[in-house]
Amino acid sequence: MNKGKVWLVGAGPGDPSLITVKGLHCIREATVIVHDRLVNPKLIAQAPDTCQIINVGKTPNHHPVPQEQINQILIDHALAGKNVVRLKGGDPYVFGRGGEEAESLSRHKIAFEIIPGISSSIGGLAYAGIPVTHRDYSSSFHVVTGHLCQGNEPQNWHALAKTEGTLIILMGMTRQEEICKLLIEGGKSPDTPAAAVMYASQPRQKIAKGTLSTLKQEIENQKLHAPALIVIGNVVNLSEILSFASTQVDISHESLQLVEAM
Ligand code: SAH
């Protein structure tokens, strides 16, 4: 039997129309889809009726499937000759463990392809009216995880406090207060603008804005929770004038159908 292939596809930040044309094409041709929790169900609905859908983001008792097992699922289906789409939120190589999955496929000599996606860290913030760079305010941006790796502190927050660029923290909501405190300790002004953006690019998008010292309170007031992006820097101040959520147009069904002809 011929071996199948795995496409690691970035689904974008949440609005389903933000997937790439190539990503959508792969979903429509998939025989198996292995997806994460944050992937919009509307994208999964684009799969053929016969496609097997495997959710590795959450099992019935809410435990995510261990990474080793996900790697094995991809290998097994590819070896069985399937067209496997590994659908991940945002971009597959930005904190999605896509690198580990591709490594495992490569080691097992299974053909794979990466289809980049719009990362929530950039595109999601754009939907909240926040440009990650701006000539007047920020000439770099740093995307970091707020998550602890097996109890170890993965970031040197004091060093990050010294950078002038926009700081973007993914998976940081549970430790938001502590992170803001460490950044202030490291020398960032407590008055530095800071925001949290929940469900970026989706109709339920919500933003809490304040400063490093008030963000915790704002998050509580707005009842924000994960998944959310935390962004720190002067570009946050642009969010009001650059917000466009109320003027968005929906992509038409006809445009989506055009993809099939490509
Ligand atoms: N590969 C993804 C990130 C995976 S890590 C990407 O490129 O976007 C998962 C974290 O990303 C979440 O905990 C959250 O911090 C952030 N995230 C992903 N999608 C989001 C969204 N629509 N709104 C806010 N945060 C999001």
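Keep in mind the model is a prediction, meaning the values are calculated, not measured.

Cut-offs applied
- Residues numbered from 1 in each chain as written.
- Predicted model: local features only at pLDDT ≥ 70, side-chain atom pairs only at ≥ 80, totals over all residues.
- Heavy atoms only, no water.
- Buried < 20%, exposed > 50% of the residue type's maximum accessible area, 1.4 Å probe, protein only.
- Helix = DSSP H or I, 4+ residues; strand = E, 2+ residues; numbered from the N terminus.
- Arc of directions from axis to C-beta.
- Contact = heavy atoms within 4.5 Å.
- 1 Å grid on protein atoms, 1.4 Å probe; cavity = no way out; pocket = protein on both sides within 12 Å on 5 of 7 lines; lining within 4 Å.
- Points joined across faces, edges and corners; volume = space filled by probe spheres on them.
- Nonpolar A, V, L, I, M, F, W, Y, C, P; charged D, E, K, R; others polar.
- Core = buried A, V, L, I, M, F, W, Y, C linked by side-chain atoms within 4.5 Å.

Here we come to helix α4 (residues 98-107). Among all positions of α4, only Gly98, Glu101, Ala102, Ser104 and Leu105 are buried. Down the axis of α4, the smallest arc covering the buried residues is 160°, so these residues share one side. Where α4 is buried, its residues contact β1 (5-10), α3 (67-79), β4 (83-88) and β5 (111-115). Directly beyond the C-terminal end of α4, a positive phi value near 55° is found at Lys109.

Another point: empty space enclosed by the protein. Over the atoms, a rolled probe matching the size of one water molecule traces out where space is still vacant. Following the criterion strictly, the structure yields 1 cavity of 30 Å³ or more and no others. Of the voids in this model, the largest cavity is the one considered here, and its volume is about 40 Å³. Considering the residues around the largest cavity, the lining is formed by Ala11, Gly12, Pro13, Gly14, Asp15, Pro16, Leu38, Val39, Asn40, Leu43 and Gly89. Taken together, the residues of the lining of the largest cavity sort by class into 6 nonpolar, 4 polar and 1 charged.

In this section: the nonpolar core. In globular proteins that are soluble, nonpolar side chains generally tend to be buried together. Of all hydrophobic cores here, the largest spans 23 residues; its most connected members are Trp157, Ile169, Met173, Leu183, Ile219, Leu224 and Ile232. Of all the elements in the fold, those that place two or more residues in this core are α6 (157-161), β7 (166-170), α7 (176-185), β8 (193-198), α8 (215-222) and β10 (228-232). Ranked by residue count, the leading element in this core is α7, at 4 residues. The residues touching Leu224, leaving out its near neighbours within four places in the chain, are Met173, Ala196, Val197, Met198, Lys206, Ile207, Ala208 and Ile219. By size, the runner-up hydrophobic cluster in this structure holds 17 residues, among which are Val9, Ile27, Leu43 and Ile44.

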